[in-house]
Amino acid sequence: MHSPLSPSSHLSSLPEPKLALVVGSGGVRSIAALGMAEVLAREGIRPDLVVGCSAGALFGTPIALGMPMADALRIATTLWTAEITQTQRWRAIPQMVWPRWGRFDADFSLRDDRLILARMQAAFGDLRLEDLPLPLRITATDAATGTAVVLRRGRVVDALRASVAMPFMFAPQRVDGRRLVDGFVSDPLPVSAASDAHAVIALGFEALMPQRVNKPSRMLAQVTSAMTNNLMYARLASAEADGMRLLRVFPQLERRVSLFDTAAMPYLVEAGRRATEALLPNIIALLERRPHLAAAA
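Residues numbered from 1 in each chain as written. Predicted model: local features only at pLDDT ≥ 70, side-chain atom pairs only at ≥ 80, totals over all residues. Heavy atoms only, no water.

Next up on the list: the overall build of the protein chain. Looking only at helices and strands, one finds 11 helices and 8 strands in the protein chain. Relative to its full complement of 297 residues, the protein chain shows a buried share of 49%. For the protein chain, long-range pairs separated by at least 24 residues make up 73% of all intrachain contacts whose partners lie at least 6 apart in sequence. For the protein chain, the computed accessible surface area is about 14100 Å², with 55% contributed by carbon and sulfur atoms. (Helix = DSSP H or I, 4+ residues; strand = E, 2+ residues; numbered from the N terminus. Buried < 20%, exposed > 50% of the residue type's maximum accessible area, 1.4 Å probe, protein only. Contact = heavy atoms within 4.5 Å. Areas by Shrake-Rupley, 256 points an atom, 1.4 Å probe, with all protein chains shown as cover.)

Left-over empty space is what a probe sized like a water molecule reveals as it rolls over the atoms. Its volume calculated, the largest pocket comes out at about 1500 Å³. What lines the largest pocket is a set of 41 residues, among which Met-166, Ala-221, Thr-224, Ser-225 and Leu-259 lie closest to the centre. No other element matches helix α9 (residues 216-241), which puts 11 residues into the lining of the largest pocket. Here the residues of the lining of the largest pocket sort into 23 nonpolar, 12 polar and 6 charged. (1 Å grid on protein atoms, 1.4 Å probe; cavity = no way out; pocket = protein on both sides within 12 Å on 5 of 7 lines; lining within 4 Å. Points joined across faces, edges and corners; volume = space filled by probe spheres on them. Nonpolar A, V, L, I, M, F, W, Y, C, P; charged D, E, K, R; others polar.)

Across the 8 residues of helix α8 (residues 156-163), 7 count as buried, placing the element largely inside the fold. For α8, the complete set of buried residues consists of Val-156, Val-157, Ala-159, Leu-160, Arg-161, Ala-162 and Ser-163.

With that settled, consider the pairing of strand β4 (residues 148-151). Two strands pair when backbone bridges link them, and strand β3 (residues 136-142) and β4 are joined in this way by 4 bridges, in the antiparallel orientation. The residue of β4 that forms the bridge with Ile-138 is Leu-151. (Pairing = 2+ DSSP bridges.)

Take a nonpolar patch on the surface next. Taken together, the side chains of Ile-93, Met-96, Val-97, Trp-98, Trp-101, Phe-104 and Phe-168 make up a nonpolar region of the molecular surface, amounting to roughly 800 Å² of accessible area. For the nonpolar patch, the element with the highest residue contribution is helix α5 (residues 92-97), accounting for 3 residues. Among the structural elements, Phe-104 can be located in the loop between α6 (99-102) and α7 (114-124). (Patch = residues over 30% accessible without salt bridge, like charges linked within 9 Å, V, L, I, M, F, W, Y side chains within 5 Å. Salt bridge = Lys/Arg side-chain N within 4 Å of Asp/Glu carboxyl O.)

The next subject is the environment of Leu-19. On the secondary structure map, Leu-19 appears in strand β1 (residues 19-23). Judged by its relative accessible area of 3%, Leu-19 is buried. For the pair Leu-19 and Ile-84, spaced 65 residues apart in the sequence, the C-alpha separation amounts to 33 Å. With near-sequence residues (within four places) excluded, Leu-19 lies in contact with Ile-45, Pro-47, Asp-48, Leu-49, Ala-199, Val-200, Ile-201 and Leu-287.

Enumeration according to the criterion identifies 18 salt bridges in this entry. Here Asp-158 ties to Arg-155 by a salt bridge, and the two come within 3.2 Å at their closest N and O atoms. What makes Asp-158 partly exposed here is its relative accessible area of 24%. Residue class for Arg-155 comes out partly exposed when judged on its relative accessible area of 23%. Among the salt bridges present, the one from Arg-235 reaches Asp-187, with a minimum N-O distance of 3.2 Å. On the criterion of sequence distance, the pair formed by Arg-235 in helix α9 and Asp-187 in the loop between β6 (178-181) and β7 (199-203) is long-range, its members being 48 residues apart. For Arg-235, a relative accessible area of 37% corresponds to the partly exposed category.

With that settled, the discussion passes to helix α11 (residues 280-287). Residue pairs three or four apart in sequence face the same way in an α-helix, which turns once every 3.6 residues. Among the residues of α11, those classed as buried are Leu-280, Asn-282, Ile-283, Ala-285 and Leu-286. On its buried face, α11 sits against α2 (32-42), β7, β8 (246-249) and α10 (265-278). Looking one or two places after α11, you find Arg-289, whose phi comes out positive at around 60°.

One finds Ile-31, Trp-80, Met-120, Leu-151, Leu-160, Ile-201 and Val-249 to be the most contacted residues of the largest nonpolar core, which totals 65 residues. Discounting residues that sit within four places of it in the chain, Leu-160 has contacts with Ala-57, Leu-58, Thr-61, Met-120, Phe-124 and Ile-138. Core analysis: the second largest hydrophobic core is formed by 18 residues, Ala-193, Ala-194, Met-232 and Leu-236 among them. (Core = buried A, V, L, I, M, F, W, Y, C linked by side-chain atoms within 4.5 Å.)

Here's what the structure looks like:
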């Protein structure tokens, strides 16, 4: 049996993708990928590969399935809601306060994951990554080593659950004997997972910095957001230095959108449309392998 953590001989024999769409982490903001995909399809541009990280994997999956926009939005609004982080595990508090008595271990989580698993199962059932109409690679992080993992085979639900396993919030997901956590930990915008593509469009967002630092959790958020953003830009710069034909797309938002602001989904999809339409000349130049691209914003 082939491991889902590495390409099989069958997958490695497939032709190299001409265009990859990489959708990074960003919470609900990553749904802008649906607006991007809609504009690309209208222009007759279809990616040969989708790569998704964290929430970007959730919203990239409908693209790989070729879902109409209405169906994709319906699934998105059921998968990514604040409810999934509100069911607390009763053992979490004693495990944190009395780690030895509470048997704190590497599988600790603050929240119960049964609701999000049930929703993923209802949306995608037993679909497997290797059977989707469009190749989909989902990234996660090996909890033991911190290295990035690219999932190319296996159940979509298992891969998605691993990619959104925010440390402390949800327990790691075991895949092929390894404990996997959220993909953003190792690479928030994993263009390296599409290194075999001739051209890459990367849709990403900076991690939000807290507006005020008036409690310990916000100070922690300030530090982790800064680290996440620095990691993302360093990885992008490294990919470009290695010769990747890469177009960065960071939709500009006129207002602050929190992690689970599902009411903002239509606005975010439209932001994805606008950003893609504004960059169509750049995208065409990318596909035509022109040596110079206009600045992408």
